[in-house]
Number of protein chains: 2
Amino acid sequence: MLTIGEFSRLTHLSVRTLRRYHGAALLEPAVVDETTGYRYYGVDQIPTAQVIHRLRELDVPLSDVQRILRTPDPGVRAALVAEHLQRLEDALDRTRAAVVSLRRLLRPDPAPIDVELRAEPARTVAAVEAVVGHRDIETWYAGAMAELEAAVVGDVTGPPGGSYDNALFEQERGHALVYLPSAAPPRTGRVHPVSLPAAELAVTTHVGEHDGIEVTYGELGTWVVENAMSVAGPVREVYVVGPRDTSDPAAWRTEIGWPVFRVT
Amino acid sequence: MLTIGEFSRLTHLSVRTLRRYHGAALLEPAVVDETTGYRYYGVDQIPTAQVIHRLRELDVPLSDVQRILRTPDPGVRAALVAEHLQRLEDALDRTRAAVVSLRRLLRPDPAPIDVELRAEPARTVAAVEAVVGHRDIETWYAGAMAELEAAVVGDVTGPPGGSYDNALFEQERGHALVYLPSAAPPRTGRVHPVSLPAAELAVTTHVGEHDGIEVTYGELGTWVVENAMSVAGPVREVYVVGPRDTSDPAAWRTEIGWPVFRVT
DNA sequence: CTGAACGTTCCCCCCAGGGGAGAGTCCACG
DNA sequence: CGTGGACTCTCCCCTGGGGGGAACGTTCAG
């Protein structure tokens, strides 16, 4: 039996942290002295402690660590871990996007932005919608678009697009809708016909991969305000040229359309 | 002038967050109505808001964001940003190490560990020591070792090594010492002669890069306890084969020596 | 003029710990 | 056997970067 201090030295987890893990029912000491409350650990708990330590280094929440530890099947367990590694990859992608965006922001010579004011008529498309958290958007988008492609195969009349609550770009959750234009929108699974309302949009085109698209959003916003307008309603994006069309991200063209109304 | 809600939609920062940034003196509204407390922002503040947003996505602390924003010189500012990007790279390295470590931990067939009990005599070496936080160790180590190499050039009598407080492996800060053995340890800058005390060490060798060394630590710890001993004092590492000797990390050999004493 | 939408402050919550106080326990040495 | 120092216990507050919601004030278009 090892005291908490010895176990701490052996696992390189601090005493405080070990106590917290006990409290969280993550790593229960082999023996707890009933009268003194002293915790005693067994050597066989060292590997478990190390697994927890590594998972925490990967920013896996304690609740998920617990779920992983309680999974007996090594295969399922490996899958859970792989899922978190995928999450890390996604985070890395976001980091890369932020770096690109930042470089563009700090560049001294901002090119003038080309904005078109467009009256968009109402139209009906094949869509998938949901209320999602902004962290889950990319995952959700991939699934929804795959389902759309499968549902309207052979009847696509234009590039895909989406409509996103402004809240989605912040920390919160909001309504998201992705669509494929189709002559006869089907109703299968999550796919159903949706009527996009008419709107007056300020439209600009972001060229290249999505990294740095936020900068374009900012420039569009500035244009809108400087032209005595204000923004309202969900943002629309049209993936004019996207991963469906070319594997070269530099050739992608994304239309950003912001519903506006004239002030003053 | 934009209300906080409009500014929020334009920058994709939540209203809450904008208020917080005001409170933190990070992004002050252009105008604050004295009587109502209403915040009003200018279009020219959009780029600043975006820079903050991107930096926060890179996990730059608000205090550092503030420092970056208040730096007028673009060159110095770029250097500050680059410093944070370097920090991200380091974090990525740690993440990779944790992944390797985790894989090794979850592997079903642990190879038996080869441990040698060794009575290490006291000896004097050229050393650099400091009290550092565990996050800064790698940076500190690189600088200290460079200084050592420069100070004892031509008089190196063995592989470099280090001695690290157990606390350093946890979340806290502790004493660290790195050394190069030398016939006549010089005293230059931070480099000075240090007498390493005699100790009985349980020694094992970690092969390959440092990724996953924590697993070896755990196995060594298990060995120590199962052989009726206990650990005491700072851990010692000897970089028998390291980056000084070969650029192939797979060939690195690191001796881990843990001061032990017999219990029973 | 009125009600909806928007704004304000204030307080508590989240995570995964760190710092420290005050008190109890263990054990080796004398 | 006693004692002193190292160790351990619980408890409370702190961190950072927000989110949720209450209670209340302001703005502005119909």
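Treat the numbers as computed from the prediction; the structure is a model and nothing was measured.

Peer 1: Give me the lowdown on the pairing of strand 7 (residues 173–180) of chain A, citing residues and values where you can.
Peer 2: Residues and elements named next belong to chain A. Burial analysis of strand 7 places 6 of its 8 residues in the buried class, the great majority of the element. Bridge analysis of strand 5 (residues 123–133) against strand 7 gives 8 bridges, and the strand direction is antiparallel. Of the residues in strand 7, the one forming a bridge with A130 is A176. Looking at chain direction, strand 6 (residues 161–164) and strand 7 are connected through 4 bridges and run antiparallel. Considered in strand 7, the bridge of G161 is made with Y179.

Peer 1: Report on the sheet that holds strand 3 (residues 39–41) of chain B, specifying residues and quantitative values.
Peer 2: Residues and elements named next belong to chain B. The strand order across the open sheet formed by 3 strands is 1-3-2, and the pairing between neighbours is antiparallel. The open sheet has two free edges, formed respectively by strand 1 (2–3) and strand 2 (31–32), since each of these has just one partner strand. Two strands pair when backbone bridges link them, and strand 1 and strand 3 are joined in this way by 2 bridges, in the antiparallel orientation. Following the sheet pairing, L2 is matched in strand 3 by Y41.

Peer 1: So what's going on with the sheet that holds strand 3 (residues 39–41) of chain A? Residues and values would help.
Peer 2: Overall, antiparallel pairing links the 3 strands, which are arranged 1-3-2 (chain A) in an open sheet. The outermost strands of the open sheet, each flanked by one partner alone, are strand 1 (2–3) and strand 2 (31–32) of chain A.

Peer 1: Which residues make up the interface of chain A and chain B, and what values go with them?
Peer 2: Between chain A and chain B, the contact holds 49 residues from the first and 50 residues from the second. For the pair chain A and chain B, the summed buried area comes to about 4100 Å², and 69% of that belongs to carbon and sulfur atoms. A salt bridge links E214 of chain A to R54 of chain B, with the nearest nitrogen and oxygen atoms 3.3 Å apart. Scanning the region where chain A abuts chain B turns up 8 residue pairs in polar contact (both at pLDDT 80 or more). Among the elements that line the side of chain A that touches chain B, the one with the most residues is helix 5 (residues 74–106) of chain A, at 13 residues.

Peer 1: Outline the packing of helix 1 (residues 4–11) of chain B against helix 2 (residues 15–23) of chain B, listing residues and values.
Peer 2: The relative placement of two packed helices comes down to the angle between their axes together with the axis-to-axis distance. All names here are of chain B. One can describe the packing of helix 1 onto helix 2 by two numbers: an axis separation of 9 Å at closest approach and a directional angle of 105 degrees. One way to sum up the angle between helix 1 and helix 2 is to call them roughly perpendicular. Facing helix 1, whose interface residues are I4, G5, F7 and S8, helix 2 presents V15, L18 and R19. The class makeup of the residues in the contact of helix 1 with helix 2 is 4 nonpolar, 2 polar and 1 charged.

Peer 1: Outline the pattern of salt bridges, supporting the account with residue identities and numerical values.
Peer 2: Enumeration over the complete set of coordinates arrives at 22 salt bridges over all chains. With its nearest N and O atoms 3.6 Å apart, the salt bridge here joins R67 of chain A to D64 of chain A. Residue R67 of chain A and its partner D64 of chain A are located together in helix 4 (residues 62–69), separated by 3 residues, close to a single helical turn. Using a relative accessible area of 13% as the deciding quantity, one classes D64 of chain A as buried. Among the salt bridges present, the one from E255 of chain A reaches R118 of chain A, with a minimum N-O distance of 3.1 Å. Remark: R118 of chain A occurs in strand 4 (residues 116–120) and E255 of chain A occurs in strand 12 (residues 253–262); sequence separation between them is 137 residues. Shared partners join several salt bridges into a network, and the residues in it are R54 and E57 of chain A together with E214 of chain B.

Peer 1: Explain the packing of aromatic side chains to me, using residue names and the numbers behind them.
Peer 2: Residue and element names in this part refer to chain A. Under the counting rule described, the total for this entry stands at 8 aromatic pairs over all chains. Ring centres 5.5 Å apart and planes at 90 degrees place the aromatic pair Y217 and W258 in the edge-to-face group. You can see Y217 sitting in helix 7 (residues 213–226) and its partner W258 sitting in strand 12, a full 41 residues away along the chain. For W258, a relative accessible area of 0% corresponds to the buried category.

Peer 1: Now, about the domain arrangement of chain A: what can you tell me, with residues and values included?
Peer 2: Each assigned domain of chain A is listed here: domain 1 (2–70) and domain 2 (116–262). Computed over C-alpha atoms, the centres of domain 1 of chain A and domain 2 of chain A are 47 Å apart.

Peer 1: With reference to specific residues and values, describe unusual backbone geometry.
Peer 2: Here the phi dihedral of A25 of chain A falls at roughly 60 degrees; this positive angle occurs in a residue that is not glycine. Assignment of secondary structure puts A25 of chain A in the loop between helix 2 (15–23) and strand 2.

Peer 1: I'd love a proper account of the confidence of the model for chain A, names of residues and values included.
Peer 2: Of the residues in chain A, 99% have a pLDDT of 70 or more, and the chain-wide mean is 91. Confidence, expressed as mean pLDDT per element, reaches its minimum in chain A at strand 10 (residues 229–231) of chain A with 85 and its maximum at strand 3 of chain A with 97.

Thresholds applied
- Residues numbered from 1 in each chain as written.
- Chains lettered and ligands numbered in written order.
- Predicted model: local features only at pLDDT ≥ 70, side-chain atom pairs only at ≥ 80, totals over all residues.
- Heavy atoms only, no water.
- Buried < 20%, exposed > 50% of the residue type's maximum accessible area, 1.4 Å probe, protein only.
- Helix = DSSP H or I, 4+ residues; strand = E, 2+ residues; numbered from the N terminus.
- Pairing = 2+ DSSP bridges.
- Contact = heavy atoms within 4.5 Å.
- Buried area = accessible area lost by both parts, 1.4 Å probe.
- Salt bridge = Lys/Arg side-chain N within 4 Å of Asp/Glu carboxyl O.
- Polar contact = N/O pair within 3.5 Å; in protein donor to acceptor, adjacent residues only side chain to side chain.
- Axes fitted to C-alpha atoms, helices over the stretch in contact; angles between N-to-C directions.
- Parallel < 35°, antiparallel > 145°, perpendicular 65-115°, else oblique.
- Nonpolar A, V, L, I, M, F, W, Y, C, P; charged D, E, K, R; others polar.
- Phe/Tyr/Trp six-rings, centres within 6.5 Å; stacked < 30°, edge-to-face > 60°.
- Domains from an automatic or database assignment.
- pLDDT = per-residue confidence, 0-100.

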